[in-house]
Amino acid sequence: MTRASCNGRPCILGTSDVPDLRNTKAATPGALAWLSCALGVYALVTSVSSAAAAEPRAVVELFTSQGCSSCPPADKVLGDLASDPSVIALSLPIDYWDYLGWKDTLADSRFSARQKAYSHMRGDRAVYTPQAVVNGTANVLGSDRAGIENAAVRTQKADGVMSVPVTVTQSGRQIKVSVAEASGRSGEVWICAVSKQVPITIARGENRGQRITYHNVVRNMLKVADWNGRAGSWTVPLENISRDGVDATAVYVQDGSRDKPGVMLGAAFNSLNAPLN
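Notes on the structure in this doc start here. As the structure is a computational prediction, the values presented were derived from the model and not from experiment. (Residues numbered from 1 in each chain as written. Predicted model: local features only at pLDDT ≥ 70, side-chain atom pairs only at ≥ 80, totals over all residues. Heavy atoms only, no water.)

With that out of the way, let us pick up the packing of aromatic side chains. Considering all chains together, one arrives at 3 aromatic pairs under this definition. Where Tyr96 meets Trp97, the ring centres are 5.1 Å apart and the plane angle is 70 degrees; that geometry is what we call edge-to-face. Overall, Tyr96 belongs to the buried group, its relative accessible area being 18%. Seen from their ring centres, Trp97 and Tyr99 are 6.4 Å apart, and the 55 degrees between their planes marks the pair as tilted. The class for Trp97 is partly exposed, based on a relative accessible area of 26%. Judged by relative accessible area, which is 62%, Tyr99 ranks as exposed. Here the aromatic cluster, defined as three or more aromatic residues joined through ring pairs, consists of Tyr96, Trp97 and Tyr99. (Phe/Tyr/Trp six-rings, centres within 6.5 Å; stacked < 30°, edge-to-face > 60°. Buried < 20%, exposed > 50% of the residue type's maximum accessible area, 1.4 Å probe, protein only.)

Structure follows, in structure tokens:
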């Protein structure tokens, strides 16, 4: 139940003592005051809920590998996070374990380079799987759900983190990306082509015989623009990021550059009208 103060008394929405305003005798000044307060509470709750849904609190990037025996629990955690609308959870399979007996079918050398760039910026040389990077700064064991949640809360306190509104919409075969103004900020705008669920049967290596579903797998990445803090909009043709099985896009604005990534300034996620072929 939702509670609020109405003239010093609690207002409890959804209870049996709500006055019936269809009865003109019940439509007293007191009843009208109750209704006004109740509608005010409803509008406030709706506004807060809409804002929370529109503005994600964290971007979680999981660096994982089909050849890593420690990764399946982290892949499951990412799947759980992917169902949270306040989190943009992305799986970025790396390729540096391919020599262990199984070549990762989703791996991309760009993801390995991105993970190493994060390590360089942190100065900790921590490059491993499964590793989660939260909001571009925090390094967490990818299977540690509580650690990821704590990192999301902690990093939000840093200046500018996830403070820039970003929207992404689809119109036919085009994706429109919009970034709000944020004076004094700058960075890069990137779009990711995402497959929301990819089941893989692994025939060799440390995970031999397992069938694992990977969630929100990044299948392609494209730099949209350099961003100087001014409001901007860009259009990206779907063919520029097309890959088989892609059914969503994620857009992020990040401080720094591809080689020197900084904090996440804002992000958005959007399901496509139909999977790409």
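What follows deals with the side chain of Asp75. Along the polypeptide, Asp75 turns up in helix α2 (residues 71–82). For the buried Asp75, which has no salt bridge, the nearest side chain bearing the opposite charge is Lys76, at an N-O separation of 12 Å. Leave out the neighbours within four places in its chain, and Asp75 touches Leu62, Thr64, Ile212, Tyr214 and His215. (Helix = DSSP H or I, 4+ residues; strand = E, 2+ residues; numbered from the N terminus. Lys, Arg positive; Asp, Glu negative; His and termini not counted. Salt bridge = Lys/Arg side-chain N within 4 Å of Asp/Glu carboxyl O. Contact = heavy atoms within 4.5 Å.)

As for its placement among the helices and strands, Arg211 is situated in strand β10 (residues 211–227). The class for Arg211 is exposed, based on a relative accessible area of 58%.

Turning our eyes to something else, we now look at the pattern of salt bridges. Enumeration over the complete set of coordinates arrives at 12 salt bridges. The residue Asp159 makes a salt bridge to Arg185 at a minimum N-O spacing of 2.9 Å. Of this pair, Asp159 sits in the loop between α4 (145–156) and β7 (166–171) while Arg185 sits in the loop between β8 (174–179) and β9 (187–201), and the two are 26 residues apart along the sequence. With a shortest N-O distance of 3.5 Å, Asp259 and Arg258 are connected by a salt bridge. Taken individually, Asp259 and Arg258 each receive the classification exposed, so the pair is uniform in this respect.

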